[in-house]
Amino acid sequence: MDAVSRDIKAIKKKGFDIIRVYSTDCSALSFVGEACREAGVRIILGVYINQSGISAAEKQVQDIADWAHAAQWELVELIVVGNEAIKNGYCDPPELAAFIKTAKATFKASGYRGRVTTAETFNVWQSHGASYLCEAVDLIGANIHPYFDHNVAAPKAGEFVASQLEELRKICPDQDVLNLETGWPNAGEPNGAAVPGKEEQIAAIDSIVNEVGSQSVFFSYGDDWWKEPGPHNVEQHWGCAGVFTSRGKQQ
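What you see is a predicted model; the values in this text were computed from it and never measured. Position numbers for residues start from 1 in each chain and track the written sequence from start to end. Local features in a predicted model are, by the rule used here, given only for residues with pLDDT of at least 70; side-chain atom pairs are given and counted only at 80 or more, and totals for whole chains, interfaces and linings are based on all residues. Just so you know, side-chain values use all the structure's heavy atoms and leave hydrogens and water out.

## Here's the deal with the overall build of the protein chain
A run of DSSP states H or I qualifies as a helix once it reaches four residues; a run of E qualifies as a strand once it reaches two. Both are numbered from the N-terminal end. On a plain count of helices and strands, the protein chain comes out with seven helices and seven strands. Helices and strands appear in the protein chain in the N-to-C order α-β-α-β-α-β-α-β-α-β-α-β-α-β. Its C-alpha atoms give the protein chain a radius of gyration of 17 Å, near enough to 18 Å, the size a compact globule of 251 residues would have. Each principal axis of the C-alpha distribution contributes one length, and for the protein chain these read about 45 × 45 × 35 Å. Only heavy atoms matter for contacts: two residues are in contact if any of them lie within 4.5 Å across the pair. Residue pairs at least 24 apart in sequence account for 72% of intrachain contacts in the protein chain once pairs closer than 6 positions are excluded. As presented, the protein chain carries roughly 11500 Å² of accessible surface, and 49% of it is formed by carbon and sulfur atoms. In this description the radius of gyration comes from C-alpha coordinates, and the expected globular size is given by 2.2 Å times residues to the power 0.38. The accessible surface values rely on the Shrake-Rupley method and a 1.4 Å probe; as for residues, cover is taken only from the protein chains in view.

This is the structure in structure tokens:
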């Protein structure tokens with residue numbers, strides 16, 4: 001708990017007042033919730049869907065409802081049901097849309113009056129937004145990583161994200177759009193013009209902050225050494241806390 005509290009306070013000092021968590025495991029609700037309450041930080045909560053499918057994620061919905069009923073919903077900025085679950089083949093679009101609706105009903109019955117969405121990539125929203133997802137969500141939530149477009153160099157990352165957000169706005173009319181995961185790897189292998197590295201990460205994140213910082217969630221606080229290296233050997237190297245100072249220019 002002490003380590004969580006220190007991290008949340010450090011994030012707050014860097015100018016952020018909202019953090020995103022992806023699931024309810026590892027006592028995230030109690031530890032992160034209490035740390036955020038102490039620091040005056042709000043939370044984007046997550047219900048994570050993995051290869052076990054939607055049925056295995058149902059308990060997380062009830063866990064959130066039970067926790068928030070006791071801790072009050074005032075800490076919660078947004079709830080994200082699923083993170084690239086369709087992209088990864090963990091469920092299909094009709095299943096996810098139905099699960100979002102039932103989760104929303106559970107949260108509402110427990111007193112939640114905020115918004116609920118999911119996080120998917122741009123191509124998933126293009127293919128399935130209008131047909132399934134728009135009617136289930138309260139805003140469009142997308143993970144937009146410019147590094148994975150081989151044409152995008154680090155200084156152009158912000159322009160790329162801004163253009164994708166603009167296209168996403170056309171999919172679900174009258175809904176807001178939020179970039180729920182973005183950043184740039186600090187190490188790994190080049191992907192065409194997209195070159196990872198510490199200096200490149202600084203350039204890319206500065207570009208995103210300047211273009212669409214208030215609409216973006218930056219990924220991630222520290223490097224994730226527990227992950228597999230993944231394509232281009234970058235999956236472990238997204239930690240970006242050191243890029244941000246206490247200038248307070250970020251959301």
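So, next bit.
## A word on the environment of Ala98
Within the secondary structure, Ala98 sits in helix 4 (residues 93-109). Separated by 34 residues in the primary sequence, Ala98 and Tyr132 place their C-alpha atoms 9.0 Å from one another.

## Observations regarding the sheet that holds strand 4 (residues 116-119)
For two strands to be treated as a pair, DSSP must find no fewer than two bridges joining them. If you trace the four strands from one edge of the open sheet to the other, you get 1-2-3-4, paired in parallel fashion. Since the sheet does not close on itself, it has two edges, and those belong to strand 1 (18-20) and strand 4, each with one partner. When strand polarity is set aside, the average angle formed by the axes of neighbouring strands in this sheet is 25°. Sheet topology places strand 3 (residues 76-83) next to strand 4; three bridges connect them, and they run parallel. Each bridged residue has a counterpart across the sheet, and for Ile79 the counterpart in strand 4 is Val116. For helices, the fitted axis covers only the stretch in contact; all axes are lines through C-alpha atoms, and the angles between them, taken along N-to-C directions, range from 0 to 180 degrees. Sitting on the sheet, helix 3 (residues 58-71) touches strand 2 (42-47) and strand 3, and the angle it makes with strand 2 is about 150°.

## Describing the state of the cysteines
When two cysteine sulfur atoms are found within 2.5 Å, that pair is recorded as a disulfide. Within this structure, the stated rule accounts for one disulfide. Each disulfide pairs two cysteine sulfurs, and for Cys134 the partner residue is Cys172, the sulfurs being separated by 1.9 Å. Taking the sign of the S-S torsion, about -75° here, the bridge from Cys134 to Cys172 comes out left-handed. One end of the pair, Cys134, is in the loop between helix 5 (122-133) and strand 5 (140-143); the other, Cys172, is in the loop between helix 6 (157-168) and strand 6 (177-182), with 38 residues separating them in the sequence. What makes Cys172 buried here is its relative accessible area of 1%. In this structure Cys91 is a free cysteine whose sulfur lies 16 Å from that of Cys134, the closest cysteine sulfur available. Residue classification places Cys91 among the buried positions, given a relative accessible area of 9%. Summary of the burial criterion: residues with accessible area below 20% of their type's maximum are buried, those above 50% are exposed, and those between are partly exposed, where the area comes from a 1.4 Å probe applied to protein chains only.

## Side note on the environment of Ile144
Looking at the element boundaries, Ile144 is found in the loop between strand 5 and helix 6. According to the relative accessible area criterion, Ile144 is buried, its value standing at 1%. Sequence separation of Ile144 and Val212 is 68 residues, and the distance between their C-alpha atoms is 12 Å. Residue contacts for Ile144: discarding those within four places in its chain leaves Phe160, Val161, Gln164, Leu165, Leu168, Asn179, Glu181 and Thr182.

## Some points on the pairing of strand 6
For a regular strand, side chains alternate in direction, first toward one face of the sheet and then toward the other. The buried fraction of strand 6 is high, at six of six residues. Here four bridges tie strand 5 to strand 6, and the two strands are oriented parallel to one another. Bridging from a neighbouring strand, Ala142 pairs with Asn179 of strand 6. Handedness of a crossover is defined as follows: with both strands directed away from the viewer, a clockwise route from the first strand across the helix to the second makes it right-handed. In this view, the connection linking strand 5 to its parallel neighbour strand 6 by way of helix 6 has right-handed handedness. Direction of pairing for strand 6 relative to strand 7 (residues 216-218): parallel, over a ladder of two bridges. Across the sheet, Asn179 pairs through a bridge with Ser216, a residue of strand 7. Handedness of the crossover joining strand 6 and strand 7 through helix 7 (residues 198-212): right-handed.

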